[in-house]
Amino acid sequence: MADGQFRQGLVLAMWALPVGWAVLAMTSTQTTPLFIVAVVQGGLSFGIGSTLVNRVMHVAADAPSLNGSFATVALNAGAFLGPLLAGAATGATGDYRDAAWVSAALAATAIAVTAASRLSAARGEREGSTVTRRSAL
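Predicted model, so just to flag it, every value in this text is computed and none were measured.

What counts, and where the lines are drawn
- Residue positions within a chain follow its written sequence, with the count starting from 1.
- The predicted nature of this model means local features are confined to residues of pLDDT at least 70 and side-chain atom pairs, given and counted, to a pLDDT of 80 or more, with totals for whole chains, interfaces and linings taken over all residues.
- No hydrogens and no water enter the side-chain calculation; it runs on all heavy atoms of the structure.
- Only residues above 30% relative accessible area that lack a salt bridge enter a patch, with like-charged residues linked at up to 9 Å and the nonpolar side chains Val, Leu, Ile, Met, Phe, Trp and Tyr linked at up to 5 Å.
- For the accessible areas, the method is Shrake-Rupley and the probe is 1.4 Å, while residue cover comes only from the protein chains on display.
- Counted as salt bridges are all cases of a side-chain nitrogen of Lys or Arg within 4 Å of a carboxyl oxygen of Asp or Glu.
- Where helices and strands are cited, they refer to DSSP runs of H or I of at least four residues and of E of at least two residues respectively, numbered from the N terminus.
- To estimate how far a helix should reach, multiply one less than its number of residues by 1.5 Å.
- Only protein chains enter the calculation, and the probe is 1.4 Å; a residue is then buried if its accessible area is under 20% of its type maximum, exposed if over 50%, and partly exposed in between.

With that settled, consider a nonpolar patch on the surface. A surface patch of nonpolar side chains, amounting to about 460 Å² of accessible area, comprises F80, L81, L84, L85 and L106. No other element matches helix α3 (residues 64-93), which puts four residues into the nonpolar patch. With respect to the helices, strands and loops of the structure, F80 is situated in helix α3.

Its 30 residues give α3 an end-to-end C-alpha distance of 44 Å, which sits within 8% of 44 Å, the value for a rise of 1.5 Å per residue. Restricting attention to buried positions, one finds in α3 the residues N67, A71, G82, A86 and A89. G94, located one to two residues past α3, shows a positive phi value of around 80°.

Take the pattern of salt bridges next. Using the criterion set out here, one finds one salt bridge in the structure. As a salt-bridge pair, D95 and R97 come within 3.1 Å of each other at their nearest N and O atoms. Using a relative accessible area of 22% as the deciding quantity, one classes D95 as partly exposed.

Put into C-alpha coordinates, the structure is as follows:
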(Lines give C-alpha, C1' and ligand atoms only; values in the text may rest on other atoms or scores of the structure.)
Protein backbone atom coordinates (compact mmCIF):
# COMPACT_ATOMS: atom_id res chain seq x y z
CA MET A 1 0.00 0.00 0.00
CA ALA A 2 2.98 2.31 0.43
CA ASP A 3 2.98 3.36 -3.22
CA GLY A 4 -0.04 5.58 -2.57
CA GLN A 5 -2.27 3.98 -5.16
CA PHE A 6 -5.95 3.33 -4.53
CA ARG A 7 -5.86 -0.40 -4.83
CA GLN A 8 -8.18 -2.95 -3.32
CA GLY A 9 -6.15 -3.31 -0.10
CA LEU A 10 -6.23 0.41 0.64
CA VAL A 11 -9.94 0.67 -0.13
CA LEU A 12 -10.70 -2.29 2.15
CA ALA A 13 -8.55 -0.83 4.91
CA MET A 14 -10.35 2.52 4.58
CA TRP A 15 -13.71 0.76 4.92
CA ALA A 16 -12.42 -1.19 7.92
CA LEU A 17 -11.55 1.98 9.86
CA PRO A 18 -15.06 3.28 10.63
CA VAL A 19 -16.22 -0.26 11.38
CA GLY A 20 -13.29 -0.73 13.74
CA TRP A 21 -13.97 2.55 15.53
CA ALA A 22 -17.61 1.54 15.99
CA VAL A 23 -16.51 -1.84 17.36
CA LEU A 24 -14.11 -0.03 19.70
CA ALA A 25 -16.91 2.20 20.97
CA MET A 26 -19.19 -0.78 21.58
CA THR A 27 -16.61 -3.05 23.24
CA SER A 28 -14.43 -0.55 25.10
CA THR A 29 -15.80 -1.61 28.47
CA GLN A 30 -14.14 -5.03 28.06
CA THR A 31 -10.36 -5.29 28.35
CA THR A 32 -9.53 -7.96 25.75
CA PRO A 33 -11.58 -6.58 22.85
CA LEU A 34 -10.40 -3.06 23.70
CA PHE A 35 -6.75 -4.14 23.48
CA ILE A 36 -7.21 -6.10 20.23
CA VAL A 37 -9.24 -3.44 18.45
CA ALA A 38 -6.90 -0.66 19.62
CA VAL A 39 -3.89 -2.48 18.17
CA VAL A 40 -5.69 -3.19 14.88
CA GLN A 41 -6.98 0.38 14.59
CA GLY A 42 -3.55 1.79 15.33
CA GLY A 43 -1.99 -0.33 12.58
CA LEU A 44 -4.73 0.51 10.09
CA SER A 45 -4.59 4.21 10.87
CA PHE A 46 -0.80 4.36 10.54
CA GLY A 47 -0.80 2.37 7.30
CA ILE A 48 -3.61 4.33 5.70
CA GLY A 49 -2.27 7.69 6.86
CA SER A 50 1.19 6.98 5.44
CA THR A 51 -0.31 5.82 2.16
CA LEU A 52 -2.53 8.87 1.83
CA VAL A 53 0.38 11.22 2.52
CA ASN A 54 2.31 9.40 -0.20
CA ARG A 55 -0.71 9.76 -2.50
CA VAL A 56 -0.82 13.54 -1.95
CA MET A 57 2.86 13.77 -2.81
CA HIS A 58 2.35 11.62 -5.93
CA VAL A 59 -0.65 13.60 -7.17
CA ALA A 60 1.15 16.91 -6.65
CA ALA A 61 4.42 15.73 -8.18
CA ASP A 62 4.43 18.67 -10.61
CA ALA A 63 4.68 21.03 -7.61
CA PRO A 64 7.54 19.57 -5.58
CA SER A 65 7.71 22.53 -3.22
CA LEU A 66 4.02 22.31 -2.44
CA ASN A 67 3.40 18.57 -2.34
CA GLY A 68 5.18 18.07 0.98
CA SER A 69 3.51 21.17 2.37
CA PHE A 70 0.03 19.98 1.44
CA ALA A 71 0.70 16.51 2.82
CA THR A 72 1.97 18.01 6.09
CA VAL A 73 -0.97 20.39 6.40
CA ALA A 74 -3.47 17.60 5.76
CA LEU A 75 -1.81 15.32 8.30
CA ASN A 76 -1.59 18.05 10.93
CA ALA A 77 -5.15 19.23 10.33
CA GLY A 78 -6.39 15.70 10.97
CA ALA A 79 -4.12 15.31 13.99
CA PHE A 80 -5.58 18.53 15.43
CA LEU A 81 -9.25 18.37 14.44
CA GLY A 82 -9.85 14.70 15.28
CA PRO A 83 -8.88 14.95 18.96
CA LEU A 84 -10.50 18.38 19.22
CA LEU A 85 -13.87 17.05 18.03
CA ALA A 86 -13.52 13.85 20.07
CA GLY A 87 -12.71 15.88 23.18
CA ALA A 88 -15.67 18.18 22.58
CA ALA A 89 -18.01 15.20 22.20
CA THR A 90 -16.63 13.51 25.31
CA GLY A 91 -16.81 16.76 27.28
CA ALA A 92 -20.39 17.38 26.22
CA THR A 93 -21.67 13.91 27.06
CA GLY A 94 -19.22 12.67 29.70
CA ASP A 95 -18.95 9.36 27.85
CA TYR A 96 -15.43 8.50 26.69
CA ARG A 97 -16.84 6.13 24.05
CA ASP A 98 -18.05 9.15 22.09
CA ALA A 99 -14.45 9.78 21.04
CA ALA A 100 -14.52 6.48 19.14
CA TRP A 101 -17.87 7.40 17.57
CA VAL A 102 -16.38 10.71 16.40
CA SER A 103 -13.49 8.74 14.88
CA ALA A 104 -15.96 6.45 13.11
CA ALA A 105 -17.80 9.47 11.70
CA LEU A 106 -14.58 11.14 10.53
CA ALA A 107 -13.36 7.93 8.88
CA ALA A 108 -16.72 7.51 7.13
CA THR A 109 -16.50 11.14 5.98
CA ALA A 110 -13.04 10.46 4.55
CA ILE A 111 -14.46 7.53 2.58
CA ALA A 112 -17.29 9.70 1.23
CA VAL A 113 -14.87 12.48 0.21
CA THR A 114 -12.54 9.96 -1.44
CA ALA A 115 -15.41 8.32 -3.33
CA ALA A 116 -16.75 11.69 -4.50
CA SER A 117 -13.27 12.74 -5.60
CA ARG A 118 -12.70 9.53 -7.53
CA LEU A 119 -16.10 9.81 -9.23
CA SER A 120 -15.39 13.40 -10.19
CA ALA A 121 -11.96 12.48 -11.57
CA ALA A 122 -13.41 9.57 -13.54
CA ARG A 123 -16.15 11.82 -14.93
CA GLY A 124 -13.55 14.42 -15.90
CA GLU A 125 -11.40 11.80 -17.64
CA ARG A 126 -14.40 10.58 -19.64
CA GLU A 127 -15.37 14.10 -20.64
CA GLY A 128 -11.75 14.95 -21.42
CA SER A 129 -11.34 11.91 -23.62
CA THR A 130 -14.56 12.79 -25.46
CA VAL A 131 -13.32 16.31 -26.04
CA THR A 132 -9.99 14.97 -27.26
CA ARG A 133 -11.71 12.63 -29.69
CA ARG A 134 -13.95 15.41 -30.98
CA SER A 135 -11.06 17.80 -31.48
CA ALA A 136 -9.10 15.07 -33.25
CA LEU A 137 -11.92 14.64 -35.72
